[in-house]
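Each chain is listed here by its residues.
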Amino acid sequence: SEKSKPFDAVTLGEWFEANNLSEQIGGTGYLIELASTTPSAANIRAYAEIVREKLTRKLGAELPYALSVTIDEFRSARAITHIAATIWVETGGQKAIVIGKNGAVLKSVGEQARRDLERLLEGKVNLRTWVKVKRGWTTSGGRSRGWSGR
């Protein structure tokens, strides 16, 4: 199947309504289904959760409590979806745990997450991951400065 391109469902729905084409394409229900199954910026939190879930499974009890994943880039080009994910931790020690010896943990997590994302997005995915330290982001003061970590 050909990979779908991201779109803005609200704008598309308004265009179909304005041109009296909504019923010809299956109505609002079809647009809602299309929006929920088409890759888009609205689904980015789910992509971040896939990476976080793989970390949880790989690290188990070693998983740092203060860990979050953000998606910094999501774009499609030449039949490949490019995703850049940052894994946030609070200390250098936590960063070392997430990366693992010689990068083994991060590599394994990235490969597993990429495979899941390829199944979800029905196409090739180039997933790049980084681990960064941001001290204090889990405290209320860190969150009140406009950074949620998720």
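Residues numbered from 1 in each chain as written. Predicted model: local features only at pLDDT ≥ 70, side-chain atom pairs only at ≥ 80, totals over all residues. Heavy atoms only, no water.

**Student:** What should I look at first to understand the overall build of the protein chain in this one?
**Tutor:** When its secondary structure is counted, the protein chain shows six helices and three strands. Every one of the 150 residues in the protein chain was classed for burial, and the buried ones make up 37%. For the protein chain, contacts bridging at least 24 residues in sequence account for 63% of all contacts bridging at least 6. Accessible surface, the protein chain: about 9200 Å² in total, of which carbon and sulfur atoms supply 52%. (Helix = DSSP H or I, 4+ residues; strand = E, 2+ residues; numbered from the N terminus. Buried < 20%, exposed > 50% of the residue type's maximum accessible area, 1.4 Å probe, protein only. Contact = heavy atoms within 4.5 Å. Areas by Shrake-Rupley, 256 points an atom, 1.4 Å probe, with all protein chains shown as cover.)

**Student:** How do you make sense of the pairing of strand β1 (residues 67–77) when you look at a structure like this?
**Tutor:** Sheet faces and side chains relate simply in a regular strand, where the side chains alternate between the two faces. Sheet topology note: the β1/strand β2 (residues 80–89) ladder contains ten bridges and is antiparallel. Bridging from a neighbouring strand, Phe-74 pairs with Ile-83 of β2. The antiparallel hairpin formed by β1 and β2 contains two residues in its connecting segment, where Arg-78 sits at a positive phi of about 50°. (Pairing = 2+ DSSP bridges.)

**Student:** Quick question: what am I supposed to make of helix α3 (residues 44–59) here?
**Tutor:** Side chains that are three or four residues apart share a direction in an α-helix, a result of its 3.6 residues per turn. When the terminal C-alpha atoms of α3 are compared, their 23 Å separation across 16 residues agrees well with the 22 Å that a helix rising 1.5 Å per residue should span. Buried residues belonging to α3 abut β1, β2, α4 (92–99), α5 (104–121) and β3 (124–133). Just downstream of α3 lies Gly-60, where phi reads positive at about 55°. (Expected span 1.5 Å × (residues − 1).)

**Student:** Hey, could you run me through the nonpolar core in this one?
**Tutor:** What tends to happen in soluble globular proteins is that the nonpolar side chains get buried as a cluster. In this structure, Leu-55, Ile-83, Ile-87, Val-98 and Leu-127 are the most contacted members of the largest nonpolar core, which totals 24 residues. Looking at this core, the elements with two or more residues in it are α3, β1, β2, α5 and β3. For Ile-83, the residues in contact, after removing those within four places along its chain, are Ile-71, Glu-73, Phe-74, Leu-117, Leu-121, Val-125, Asn-126, Leu-127 and Arg-128. (Core = buried A, V, L, I, M, F, W, Y, C linked by side-chain atoms within 4.5 Å.)

**Student:** How should I be thinking about α5 in this particular structure?
**Tutor:** Taking 1.5 Å per residue as the helical rise, α5 with its 18 residues ought to reach 26 Å, and the 25 Å between its terminal C-alpha atoms agrees with that figure. Those residues of α5 that sit buried are Val-105, Leu-106, Ser-108, Val-109, Gly-110, Ala-113, Leu-117, Glu-118 and Leu-121. Looking at the buried positions of α5, the neighbouring elements they touch are α3, β1, β2, α4 and β3. Note on α5: the residue one or two positions beyond its end, Glu-122, has a positive phi of about 55°.

**Student:** Could you clarify how one ought to interpret the environment of Asp-72 in this entry?
**Tutor:** With respect to the element layout, Asp-72 can be found in strand β1. Between the alpha carbons of Asp-72 and Ile-83 there is a distance of 7.5 Å; along the sequence they are eleven residues apart. Filtering out sequence-adjacent residues up to four positions away, Asp-72 remains in contact with Ala-84, Ala-85 and Thr-86. Within the structure, the side chain of Asp-72 is placed 3.4 Å from the side chain of Thr-70, a separation counted as a polar contact. (Polar contact = N/O pair within 3.5 Å; in protein donor to acceptor, adjacent residues only side chain to side chain.)

**Student:** What should I look at first to understand the pattern of salt bridges in this one?
**Tutor:** Here the idea is simple: oppositely charged side chains can pair when their charged atoms come close. Applying the stated rule across the entire model yields seven salt bridges. For Arg-75, the salt bridge identified is with Glu-73, shortest N-O distance 2.4 Å. A relative accessible area of 40% means that Arg-75 is categorised as partly exposed. As a salt-bridge pair, Arg-114 and Glu-118 come within 3.2 Å of each other at their nearest N and O atoms. With a gap of four residues between them, Arg-114 and Glu-118 both fall in helix α5, about one helical turn apart. Through salt bridges that share partners, Glu-53, Lys-54, Arg-57, Asp-116 and Arg-119 make up one connected network. (Salt bridge = Lys/Arg side-chain N within 4 Å of Asp/Glu carboxyl O.)

These values are about where atoms sit, not about what they do.
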